[in-house]
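Residue-level structural notes
Residues per chain are reported as follows:
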Amino acid sequence: MAERIEQRLEDRVPELEQLERVGLFTRREIRAVLRKASALEYKIQRRALRKEDFINYIQYEINLLELIKKRRARIGYSFKKDEIEYSILQRVHSLFNRATGKWKEDLQLWLSHVAFCKQWNSKHQLSKVFSCMLAIHPNKPALWIMAAKWEMETRLSSESARHLFLRALRFHPECPKLYQEYFRMELMHAEKQRKEKKEFEQAKMDLGEFNYSEEILSGEMARIIYRDAAQKIKGVEFHLAVLSIAKLFDFTQDLQKEILESLQTKYADDPLTWDYMARRELELGSLQSTEHTTKQMKVSEMTQREERCCAVFEEAVGAVPTEDMWKCYITFCLERCNRKTNSEELKQKRLERTLSVFNKAHESSLLPEALYKQWLQLLLESNLFAKATEVAEAATKRFSLSVEMWQMRLQVLIQLKSDDVSQCFEEAIKHMKSKGTLPLWTLWVEWSEGTNSKEDTEALYQRSLRATTPAESVTIKEKYLDWTYRNSGYKKVKRLFTSLCENRPFSLDFFKKMIQIEKEQESCKMLHLREYYERALREFGSTDPDLWLDYIKEELSHPQGKPENCGSIHWRAMKMLQGDLVEEFISKYTLLQTGHL
């Protein structure tokens, strides 16, 4: 091993001598590089190899390359790169090759090597890296796409890119993303060839020696890919994805037409097809616009375009009367409604149209639950309070078992300061029974705190504790404790705390809140704090090391505290805490003893 390390260090000598000779490094720096390289070499020649050692060595060499680059720029010296950088680059590639050979499954290592090759323009090496990586990780389509894109865009080799895509499709014959990128690559290749041909024709050069296939120039290869994919991949999303790619190229009108016809034939009842056809009216309008238009003409044209879109959507909800179809229509209306415009007329038309579509969907009983909230928000922003109340009530009738719907209706009534809030809460609780009603009880008590008398709110808190499930009551207990302290003071909250402690479960914050309340009193008693800590530890002592530490700190810092109790608290903590929490407690306790916590 020693001989091998010695040989590798000797191999470095020529590049280091060059670095010193040309003035990029001093002799002292060269010695430091050798010492560091020697230490790193020993680590990667051991019998038990560690991945971290290879990563550290690679990072050191990359840092060295970056430093040389900066020094070259500073002194303006750009010669001897073959003697200096080339040998370092070869060493990094060799280290990466050893690492990826040992830890083949580590994809991040492979990708780091790819990134390094790209950064230092090692094209030949990168080709080899992609080849090895794909042989080991053929099950990842993203890697095939990355390799093919590099072949196409960097090496300008459409043939190699095509070969990679075809190999990838043998492994993943039904991968939509692979087909999409292969489709895009063939159109890019066709566009490149069209440009070349046009430039040659403009220069009046003889095209005899260049073989420009009319099939490739017209995008026929992409059409073949699309037809092949369409037989294997089902779903409107794929057709829309390839259509959006085809639209990026100005010579694909026939291809776009074919995809569109296929879309309308195979997926005539799919909401996404109708959504695309409707939104297409916006683009068709923009193609017909002229340069010399006034502001009013632009507004008029935009209104006409949007109306054409809505005409298609109206046809769509008639042909495909589903929640998803109405959702597409409403989403379009909301998008247009949220678009900025200086025209008040257009803004008003968009708002009226959106509210009308919401209403139609609702009357058809096909408005999705999630969209009621947006409708109500829009109505409230438009000051249509009576309609908002009506819609909120209708929503709870249709989705009578939805907590979110009742919550939404109640929030509307609270916001409008309605007299029907209490009645609506009673109705909601009656429909919902007990499970999952925590958000409603929370909203009710919060509303009551600001509206009703203390007695009514107290009664409501007591009722909510009886009505909610044990797990949900935990939150109510915290809120009840906090409200009682704010409104009735220390003595009342202490009695309440004792009363609430009779029924499990509790949260840690419940106890912490009471500890905090005690500490805020002028005559804060350690006796009371001990009681609260002991109660908390009975519930959370096995899972929370910080609770034990806080107890110890309290004994040490409180005027009535007993530092001699800390030993027994520590001993109890060691017995109660589970697993790794013991070590966490010990390390934090040590910091506490040394004054660092």
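Conventions used here
Residues numbered from 1 in each chain as written. Predicted model: local features only at pLDDT ≥ 70, side-chain atom pairs only at ≥ 80, totals over all residues. Heavy atoms only, no water. Phe/Tyr/Trp six-rings, centres within 6.5 Å; stacked < 30°, edge-to-face > 60°. Helix = DSSP H or I, 4+ residues; strand = E, 2+ residues; numbered from the N terminus. Buried < 20%, exposed > 50% of the residue type's maximum accessible area, 1.4 Å probe, protein only. Lys NZ or Arg CZ within 6 Å of the ring centre and 35° of its normal. Expected span 1.5 Å × (residues − 1). Contact = heavy atoms within 4.5 Å. Domains from an automatic or database assignment. Axes fitted to C-alpha atoms, helices over the stretch in contact; angles between N-to-C directions. Parallel < 35°, antiparallel > 145°, perpendicular 65-115°, else oblique. Left-handed = near helix turned anticlockwise from the far one by under 90°. Nonpolar A, V, L, I, M, F, W, Y, C, P; charged D, E, K, R; others polar.

**So, the packing of aromatic side chains**
Tallied over the entire structure, the rule returns 27 aromatic pairs. Judged by centre distance (5.7 Å) and plane angle (70 degrees), the rings of Phe54 and Trp103 are edge-to-face. Residue Phe54 is located in helix 3 (residues 51–75), and its partner Trp103 is located in the loop between helix 4 (85–102) and helix 5 (107–119); the two are separated by 49 residues in the primary sequence. You'll find Phe54 and Trp103 in the same group, each marked buried. The positively charged end of Lys69 is found above the aromatic ring belonging to Trp120, 5.6 Å away from the centroid. Between Arg71 and the ring centre of Phe25, over which it is positioned, the NZ or CZ distance is 4.9 Å.

**Here's the deal with helix 24 (residues 470–488)**
When the terminal C-alpha atoms of helix 24 are compared, their 25 Å separation across 19 residues agrees well with the 27 Å that a helix rising 1.5 Å per residue should span. Among the residues making up helix 24, those that are buried are Glu472, Ser473, Val474, Ile476, Lys477, Tyr480, Leu481, Trp483 and Thr484. The secondary structure elements touched by the buried residues of helix 24 are helix 22 (438–451), helix 23 (454–467), helix 25 (490–500) and helix 26 (508–519). Positioned one or two residues after helix 24, Gly489 has a phi angle of 90 degrees, which is positive.

**Overview of the domain arrangement of the chain**
Structurally, the chain comprises domain 1 (1–103) and domain 2 (524–596). Placing the centre of domain 1 and that of domain 2 at their C-alpha centroids yields a distance of 53 Å.

**Section: the packing of helix 8 (residues 158–171) against helix 9 (residues 176–202)**
Between helix 8 and helix 9, the shortest axis-to-axis distance is 10 Å and the interhelical angle comes to 160 degrees. Between helix 8 and helix 9, the angle falls in the class roughly antiparallel. The handedness of the crossing between helix 8 and helix 9 is left-handed. Counted together, Ser158, Ala161, Arg162, Phe165, Leu166, Ala168 and Leu169 of helix 8 and Leu178, Tyr179, Glu181, Tyr182, Met185, Glu186 and His189 of helix 9 form the full contact between these two elements. Across the contact of helix 8 with helix 9, the residue classes break down as nine nonpolar, two polar and three charged.

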